[in-house]
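# A structural walkthrough
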Amino acid sequence: MKVNCGALRLADAGSHVELNGWMNRRRDHGGLIFVDVRDRDGVTQIVFDPKHPSFALAETLRHEDVLRVRGAVRRRPAGTENAKIETGEVEVAADELEVLSRSLVPPFQVNLDEDVDENLRMQYRYLDLRRPRMQRNLTIRHKIVKAIRDFFDSRNFLEIETPLLVKSTPEGAREYLVPSRIHPGSFYALPQSPQILKQILMIAGFGRYMQIARCMRDEDLRADRQPEFTQLDVEMSFVSQDDVLEIMESAMIFVWQQALGIPAPGPFPRYRHEEVLARYGTDKPDLRFGLELVDVKETFRATEFKVFRDQAESRGGAVIAVRYPGGATLSRRDFDGLTELAKQLGAKGLVWIALASDGVKSPVSKFLSDADVAAVAGALAAQTGDALLLFADERARALDVSGRMRNEIGSRCNLRDPGRFAFAWVTDFPLFEVDPDTGKPAPAHHPFTAPNDDQWELLESDPLAMRAQHYDLVLNGFELGSGSIRIHKPDFQRKIFAMLGMSDEEIEERFGFFIRALDYGAPPHGGMALGIDRIAMLAAGEENLREVIAFPKTQVARDLMMDAPTPVPERLLRDLSLKSTAPPPKD
RNA sequence: GGCGCUGUAGCUCAGUUGGUUUAGAGCGCCGCCCUGUCACGGCGGAGGUCGAGGGUUCGAGCCCCUUCAGCGUCGCCA
């Protein structure tokens, strides 16, 4: 009977089995050899007896050799059980040993999870993936995806694939382009998301669509951003925003239950965009800890401290305060470091107030009355022993810096409980934001997002005041994804494109196919897309996406195992009517 | 494109204000011994362009410049 290396239990004693796997560890006692065989499911101890013909071969086994063993399962002698492994009550007495494949000495130890240089891990990814951490992470990822498919199937969704070779629509993220051989000089783009196609599937009458969809964006990488990534893409017809939130929230709760066995983390709190910015200084707050921001500008309307008074008197100004628990014991040098950090984050400066047990300390204490300090401390519910950090600036900037500083404090004070999953919805985003490059309104999300139903008349008079039926799902300080109710009336969609400065010709050229589809009876619809990689990363307790992706790219978007990208022979370029203008490679 | 961190044995790391001879440790590797181990144990051994190039210096793993790679971050990610 063929069994995996994690299967055998006491009840199997007496049966004859075949095990296939890798040589995880050998303990050679001279007169007796123990070999642990490993596969994805676990590890089983094999015993080689010196009287047996396979003993000599067992002596030659080395790390990562691939073997097949047949033998009898037996209970381990009393006192030699190993409680640390699942199969620890039994062992297999080797009867037959076959070495299926030999391994070179691996460049790092595969049977350990010790930290190894990322260069090496990526170059020898197949060995890295054999290690316990990656086996575990990819297993979690599989369970997540399986739970997602099960959930949406049970809710009558259809998984439909959309193409990878699509039309270039050069808004938003930079696209990866694919040259067409058959149409010289023309290009496909790889999808940034299947957005328009899923909307067309709604027009096509599928009603409830989902897809585990690969997306590509040619932008710079981060710990939480890879150039290709996987989305749970969802779209539904005849729904309101609440319908979408209900489905997605239920899906996440189901996933956590199924994949992690963790009780439902819901219901998810909901915040309006404006509110979440004011309280946390970001639209993706880590809600595992409090430390809410407070605008204390009113306290300083009449202060002698000019930096604060200027912002307090200015209509767009703010003085944002955040509490640093236990911060009163920090040294002046520590505060200097914080100030430096704040400046790097974009602050003009930082004013700190230490509520020390022997009195209030601050570099600007001569400007601060006792009443001022008491007011700020009260607003932040601060106590003796805490420090208060204040940022005076134009409101948006002050909030942004304070929000980042809040995260920093959260890390320094160890407030991020790794076992907690704090989901939250953010709703009521603005439909447009001012593009800092052009000074003109640009879609905050994408141009297919519907505004609140009663706000269309604002499109000409005050577009920046329009709120969108757009929502984000946030988990532990990461944006898991966004969605919206879409525009389903072609004339409204045309108005938005026009408002964004597109001529009729441009609209036709870029989105003609889509507008035409809207012309043929488009149902009201909306949906959402969530980053599967980020979900898996957070569920696995990892801090970067590479730990939950089998073959990820490095920070400069290279694959170190395959060594991609590479130049290609001239002949291939000719077939594609391409000519490289890149400088010749140096070395 | 900017800022920061890292690079010393196969791996993980230590290496003092620039000067101690032969640049160390643990793991791994190789050999021998070992019948109940499970991170087995014991004895012995091999293994280093200190990422690369240049400079300062009587002298550089350590200081300076350039460069490569990886990581983090800002910009960027409709």
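The preceding data block contains the structure.
Residues numbered from 1 in each chain as written. Chains lettered and ligands numbered in written order. Predicted model: local features only at pLDDT ≥ 70, side-chain atom pairs only at ≥ 80, totals over all residues. Heavy atoms only, no water.

Here we take up the environment of Val 434. In this structure, Val 434 sits in strand S19 (residues 432-434). Sequence separation of Val 434 and Cys 413 is 21 residues, and the distance between their C-alpha atoms is 36 Å. In contact with Val 434, other than residues within four places in its own chain, are Gly 439, Lys 440, Pro 441 and Leu 464. (Helix = DSSP H or I, 4+ residues; strand = E, 2+ residues; numbered from the N terminus. Contact = heavy atoms within 4.5 Å.)

Within soluble globular proteins, side chains that are nonpolar generally end up buried alongside one another. Within the largest apolar cluster, 53 residues are counted, with the highest numbers of intra-cluster contacts made by Phe 152, Leu 232 and Met 248. Among the elements that take part in this core, helix H6 (residues 241-260) stands out by supplying nine residues, more than any other. Those residues within four positions of Met 248 in sequence are excluded, and the remaining contacts are Phe 152, Leu 232, Val 234, Trp 425, Met 528 and Leu 530. One finds Ala 387, Phe 391, Leu 399 and Ile 409 within the second-largest nonpolar core, a separate group that totals 25 residues. (Core = buried A, V, L, I, M, F, W, Y, C linked by side-chain atoms within 4.5 Å. Buried < 20%, exposed > 50% of the residue type's maximum accessible area, 1.4 Å probe, protein only.)

Moving on to the layout of surface pockets. Looking at the second largest pocket, its volume works out to about 900 Å³. Together, 25 residues line the second largest pocket, and Tyr 176, Leu 177, Pro 565, Thr 566 and Pro 567 are the ones closest to its centre. Ranked by residue count, the leading element in the lining of the second largest pocket is strand S8 (residues 177-179), at three residues. (1 Å grid on protein atoms, 1.4 Å probe; cavity = no way out; pocket = protein on both sides within 12 Å on 5 of 7 lines; lining within 4 Å. Points joined across faces, edges and corners; volume = space filled by probe spheres on them.)

With that out of the way, let us pick up helix H4 (residues 132-154). Along its 23 residues, H4 runs 33 Å from first to last C-alpha, staying within 8% of the 33 Å computed at 1.5 Å per residue. Once H4 finishes, Asn 156 follows within two positions and takes phi at roughly 70°, a positive value. (Expected span 1.5 Å × (residues − 1).)

As a further point, take unusual backbone geometry. Excluding glycine, a negative phi dihedral is what most residues carry, and trans is how most peptide bonds are arranged. The omega angle of the peptide bond from Gly 266 to Pro 267 is -5°, so this bond is cis rather than trans. Mapped onto the elements, Pro 267 comes out in the loop between H6 and strand S12 (270-272). Going from Ala 564 to Pro 565, the amide bond is cis rather than trans, its omega being 0°. Its place among the elements puts Pro 565 in the loop between helix H15 (532-539) and helix H16 (570-575). In this model, Leu 291 sits at a positive phi of 50°, which is unusual for a non-glycine residue. By secondary structure assignment, the location of Leu 291 is in the loop between helix H7 (273-280) and strand S13 (294-295).

Let's shift gears to the protein's contact with RNA strand B. Around RNA strand B, the structure places 51 residues, and the nearest of them are Asp 28, Thr 80, Glu 91, Gly 172 and His 445. Sugar plus phosphate: this is where 54% of the atoms of RNA strand B within 4 Å of the protein reside. Ala 223 is positioned such that a nitrogen or oxygen atom in its backbone is 3.1 Å from a phosphate oxygen of RNA strand B. Those elements giving two or more residues to the surface near RNA strand B turn out to be strand S2 (16-28) and helix H2 (118-123). A class-by-class count of the residues in the surface near RNA strand B yields 13 nonpolar, 15 polar and 23 charged. (Near = heavy atom within 4 Å. Polar contact = N/O pair within 3.5 Å; in protein donor to acceptor, adjacent residues only side chain to side chain. Nonpolar A, V, L, I, M, F, W, Y, C, P; charged D, E, K, R; others polar.)

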